[in-house]
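Below, each chain spelled out in residue letters.
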Amino acid sequence: MRKFSLVEFSVEHPRLIVALSVLITMLFMTQFPKVRTDTNPKNMLPATSDVRVWNDEVEKTFGLYEDMIALGIVNEKGILNKDTLASIQRITDEVLKIKGVAARDVSSFTTIDNVTAENQTLTVAPLMTKVPEDTLGIEHLRKMLYENPLFINRIISKDGKTTAIYVPLEKGANGKEIADRIKEIVKKEKGDGKYYVAGDPVARDTFGAEMFKLMAIFAPIAGMVMLFVRYLMFRDLFLSITLMMDAMIAIVWSMGLLIGLGFPIHIMSSMAPVFLMAIATDSMHIFNEFYFRYRETKDKKKAIIETMNAVSRPVRNTALATAAGFAVLLFMNIIPVRVFGGLVAFGTIALRLLSFSFIPAMFTFVKDEKIEKIAHAEDIGTDRTSQFLGKLAGIGTHKPAMTVAAGIILVIIAIIGIAKTRVNNNMVEWFKKGSDVRISDTVINQALGGTSLGYIIAIAKEDDYIKTPEAMRYIEGLQRHLEKLPVVGKTTSVVDYVKRINRVLHDDDPKYDVVPETKEMIGQYIFLFSMSAKPSDLDNVVDYPFRRANIWVQLKTWDATAMQNVISAVEGYKRANQTPMEMKPAGTAYFNLVWNHEVLWDMVKGFILALIVVFAILAYDFRSVKWALVGYTPLLFTILIIYGVLGFIGKDFDMPISVLSCLSLGMAVDFAIHFVSRFRQRLTECRGEPLCSPSQAQAGQPQGAALTRDVVTDTLHWTAARPGKGIVRNAVLFAASFAVMMFAPLTPYITVGAFIVSMMLLSAFMTIIYLPALITLMQGWLLKGDKI
């Protein structure tokens, strides 16, 4: 019984194949109304991860909020004037009404508690109950602000030009929506004030909203660019649309499956359509070979079948390599990255299935006259592109040692650049410098304590230990130590409240701005404070068994490395000053640090897995370990050189780059598979066809003659000129599809676009020049057994 061939079936039943493709696509589209999104960084890690469990425990223990927005108010003439203070009051009143705002714990001049004393009686009341009417009232407010260390660099800058309203959010509230509402409120204000909205939820939810807008814009643009570039290459609109349809069908299948399985769309999975659009360009090898075959056979169906027979193996195995490169991401800890890896791996397999069915079927609808016109230009003897590629390969074949040596030198330089790379994640820097998010964050960080918040939790072994003078002084000493760090803008703890109470109860004498001498006095002060203050004032900094104290650490940057500096400083202080208390980090800044480390180790694990998997696929495809090594070298050099450049230009190794490090191997190896497979295929043909190369024909060698050096060289030139043209077309089309991302307002998209464009073009260049050099230099070993 004859073996079933999907290609032949598709050629014989093209309408059925197209109808089935459309029907399946419509079935996947039925899932789209169920789409959900998720941009919360917490969900990057499993709910059972240590850092999420610990942070949840800390938030519950100290009554903390997961998210907080900071509204910076700047007046270069000074905040403490009647008009600006009235504006602060109006804005605060309106902010308290916003749905999703934890109104009871908003901190501003009108809501924050101030600790004072009258006739030895402790008073805790809002700092500003009404706007001062005269200069005397304003000066009294100034005195209360600057005499209370709790306020300085938190709600008032040292120069008096900046204040902030801190807006905690209820669980599940959308930071961008609330930030937009706050912006609407401040637009109504007149005067000299300038307003800046910042904070982790603002950056996170704004990024989430923007990324979906960008994908809605850039995916169609990428498709149109691909259509246009493909048309310029072949001047065939119908088959150009076919390639785009191939990509769109795979995208609908993949996104439909993702949504149907109940997964939300994260930052990474939102990029999948552009990735699949670009991966679809590997079908360019089919189009490239088809026109050559038609020119030789003049029979459309025969040309289709011969084309697929010639390129089926490399096309199939490049899909396997690309899918494997993405599938490696399934073994990472970052959940959205896992989803993204599985999503694109499925889409890649879908694309290859369509390459062997939908594309051959669509070929049958093109008129022979149209194909004849295009095929006429596909002659490696006269085509300028083919001739140019043959000359490029000639650089490698005629000067192989020099070419290889130049590559090694570049790699050595690249390794030096890689050593300069800094591993870091900073979501605020995912926006361009001129964006509102970046500007607001910078202004507030420069003037006040900082918008990034971390905690250091002091944990004692027994109840009430936190009330002891020893514990209080230790925490105070640690605070002063941390405040010496450039990244730390301010620290706050229960110690600051106790010292403040001690001072005001002693007629505001500065010498009493210290920790009381006895545990009993500290306990009385805390009790008095708890009777008058808002519950959150004390809850946020100490638990009621007094076994744990929370040190708030405001950071002036969202760099993950900033929290690492804090942790290192804590560890250094503990080594120099022994204590029975344990110190543990927590908070959003700590989560970002752990996430940053997860990205690093995921990258290392994923990159090693990708190296092994891709090499195994090469060895399987070539049926040879030595040929796998040769095919492996150019793509590895490409990756090293690009990472070296990133190191030299000072680009941080962040989440987008780490993900690209794994999948880039799977994509870049495509060219090596096509080049080596077609080269070896051509060599086999040369053994049976004496006229397969000019050198063999001139030598008058009989059919089946052994290979000569000239035959190897001519075959390399042929491979560069014919299959190599498909490689270059693929690279250009791939790069053009991703180039649109370089015009995005979000830096991760720019990074991904620039990385992929550079990788594809450099990989194609290395394949055309470097592979011929390696094969020429190592042909005695590679072709061992043949007479050279």
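1. Things to note about the overall build of the protein
And then number 1: Per the secondary structure count, the protein includes 30 helices and 9 strands.
And then number 2: Along the longest, intermediate and shortest principal axes, the C-alpha atoms of the protein span 115 × 50 × 50 Å.
And then number 3: Long-range contacts, defined as pairs at least 24 residues apart, comprise 80% of the intrachain contacts of the protein with a sequence gap of at least 6.
And then number 4: Summed over all atoms, the accessible surface of the protein reaches about 32100 Å², with 60% contributed by carbon and sulfur.

2. Concerning the pairing of strand 3 (residues 121-126)
And then number 1: With 6 bridges joining them, strand 2 (residues 113-118) and strand 3 adopt antiparallel strand pairing. Counted as the bridge partner of Thr116 is Thr123 from strand 3.
And then number 2: In textbook terms, the turn of a hairpin is the stretch between consecutive antiparallel strands, and for strand 2 and strand 3 this stretch comprises 2 residues, one of which, Asn119, has a positive phi near 55 degrees.

3. Re helix 15 (residues 384-398)
And then number 1: Between its first and last C-alpha, helix 15 extends 20 Å over 15 residues, near the 21 Å set by a 1.5 Å rise per residue.
And then number 2: Along helix 15, the residues that are buried comprise Ser386, Leu389, Gly390, Leu392, Ala393, Gly394, Gly396 and Thr397.
And then number 3: Those residues of helix 15 that are buried lie in contact with helix 16 (400-419), helix 27 (709-721), helix 28 (723-739) and helix 29 (747-777).

4. A closer look at the side chain of Ser107
And then number 1: Note that Ser107 resides in the loop between helix 4 (82-95) and strand 2.
And then number 2: The contact partners of Ser107, leaving out residues within four places of it in the chain, are Arg154, Ala164, Ile165 and Tyr166.

5. Section: the nonpolar core
A general feature of soluble globular proteins is that nonpolar side chains tend to end up buried together.
And then number 1: Counting residues in each nonpolar core, the largest one holds 255 residues, and the members touching the most others are Phe109 and Val494.
And then number 2: The element that contributes the greatest number of residues to this core is helix 29, accounting for 16 residues.
And then number 3: With residues near it in sequence (within four places) discarded, Val494 still touches Ile466, Met472, Ile526, Leu538, Val541, Val542 and Ala549.

6. Structural notes on the domain arrangement of the protein
And then number 1: When its domains are assigned, the protein resolves into domain 1 (1-63 + 235-378), domain 2 (64-202) and domain 3 (452-593).
And then number 2: Once you take the C-alpha centre of each, domain 1 and domain 2 turn out to be 52 Å apart.
And then number 3: Counting residues at the interface gives 6 residues for domain 1 and 4 residues for domain 2.
And then number 4: In total, domain 1 and domain 2 occlude about 470 Å² of area from one another, counting both sides; carbon and sulfur atoms represent 48% of this.
And then number 5: Of all residues in domain 1, the largest losses of buried area upon contact with domain 2 belong to Lys42, Glu59 and Gly63, amounting jointly to 69% of the total for that side.
And then number 6: Here domain 1 and domain 2 share 0 salt bridges between them.
And then number 7: Here domain 1 is connected to domain 2 by 2 residue pairs in polar contact (both at pLDDT 80 or more).

7. Some points on the pattern of salt bridges
And then number 1: In total, this model carries 32 salt bridges according to the counting rule given.
And then number 2: The partner of Lys143 in a salt bridge is Glu147, with the nearest N and O atoms 2.9 Å apart. Taken as a pair, Lys143 and Glu147 lie in helix 5 (residues 135-147) at a separation of 4 residues, close to a single helical turn.
And then number 3: According to the relative accessible area criterion, Lys143 is partly exposed, its value standing at 45%.

8. Topic: the environment of Phe9
And then number 1: If you trace the backbone, Phe9 turns up in helix 1 (residues 6-12).
And then number 2: Along the primary structure Phe9 and Ser357 are separated by 348 residues, whereas in three dimensions their C-alpha atoms are 8.1 Å apart.
And then number 3: Setting aside anything within four residues of it in sequence, one finds Phe9 in contact with Phe4, Leu16 and Ile17.

9. Looking at unusual backbone geometry
A negative phi angle is the norm for most residues apart from glycine, just as the trans form is the norm for most peptide bonds.
And then number 1: Notably, Asp464 is not glycine yet its phi reads approximately 70 degrees, a positive angle.
And then number 2: Here Asp464 lies in the loop between strand 6 (452-459) and helix 18 (469-482).
And then number 3: Judged by its relative accessible area of 27%, Asp464 is partly exposed.
And then number 4: In this structure, Asp507 takes a positive phi of about 55 degrees despite not being glycine.
And then number 5: Within the element layout of this structure, Asp507 appears in the loop between helix 19 (494-504) and helix 20 (519-532).

The rules we used
Residues numbered from 1 in each chain as written. Predicted model: local features only at pLDDT ≥ 70, side-chain atom pairs only at ≥ 80, totals over all residues. Heavy atoms only, no water. Helix = DSSP H or I, 4+ residues; strand = E, 2+ residues; numbered from the N terminus. Contact = heavy atoms within 4.5 Å. Areas by Shrake-Rupley, 256 points an atom, 1.4 Å probe, with all protein chains shown as cover. Pairing = 2+ DSSP bridges. Expected span 1.5 Å × (residues − 1). Buried < 20%, exposed > 50% of the residue type's maximum accessible area, 1.4 Å probe, protein only. Core = buried A, V, L, I, M, F, W, Y, C linked by side-chain atoms within 4.5 Å. Domains from an automatic or database assignment. Buried area = accessible area lost by both parts, 1.4 Å probe. Salt bridge = Lys/Arg side-chain N within 4 Å of Asp/Glu carboxyl O. Polar contact = N/O pair within 3.5 Å; in protein donor to acceptor, adjacent residues only side chain to side chain.

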